[in-house]
Amino acid sequence: GTTSYSEIKVVKNVTNGKGISIYPVPTTGNTINFAGITDYKNNNLTLRNAGGIILFSTSLSKASVELPSLATGVYFVRVINKVSGEATNLRFVKI
């Protein structure tokens, strides 16, 4: 037989890496603010519900993002640096 190999991919997953944080948590509104990001344009944001379904995705352009109207619950925000590939996972609580 023959042997074949697939391309190797590296996935960097940093939980709360480099001090990135969101606030306020919990919140009653739909705006989240970021701290710890120096170059917003090089970051993408994905918002998922507790079931892992993507509800919202955008490229960051400033220190805050207006999210769509959300029901009360726990959501997960992932910020991915487009240059380094590093991902930061954060929890967002809507009350």
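An account of the accompanying structure is given in this report. (Residues numbered from 1 in each chain as written. Predicted model: local features only at pLDDT ≥ 70, side-chain atom pairs only at ≥ 80, totals over all residues. Heavy atoms only, no water.)

**Here we look at the sheet that holds strand 5 (residues 64–66)**
Under the convention used in this document: Here a strand pair is declared whenever DSSP counts at least two bridges between the two strands. Each helix corresponds to a stretch of at least 4 residues labelled H or I by DSSP, and each strand to a stretch of at least 2 residues labelled E; elements are numbered beginning at the N terminus. For every element, the axis is a line fit to its C-alpha atoms; helices are fit only across the contacting stretch, and the angle between N-to-C directions ranges from 0 to 180 degrees.
Spatial ordering of the open sheet is given by 1-2-5, a layout of three strands whose pairing is antiparallel. Two strands lie at the open edges of the sheet, namely strand 1 (21–23) and strand 5, each paired on one side alone. Direction aside, the axes of adjacent strands within the sheet are offset by 30 degrees on average. Here three bridges tie strand 2 (residues 31–35) to strand 5, and the two strands are oriented antiparallel to one another. The partner of asparagine 33 across the bridge, within strand 5, is serine 64.

**Let's talk about the sheet that holds strand 4 (residues 54–59)**
Sheet strands line up and pair through hydrogen bonds in the backbone, either parallel or antiparallel. One open sheet holds the four strands; their spatial order is 4-3-6-7, and the pairing between them is antiparallel. Taken across any chain shown, the strands that pair with only one partner, and hence form the sheet edges, are strand 4 and strand 7 (87–94). Pairs of neighbouring strands in the sheet enclose a mean axial angle of 20 degrees, with direction left out of account. By the bridge criterion, six bridges tie strand 3 (residues 43–48) to strand 6 (residues 73–81) in an arrangement that is antiparallel. Bridge assignment links arginine 48 to a residue of strand 6, and that residue is phenylalanine 76.

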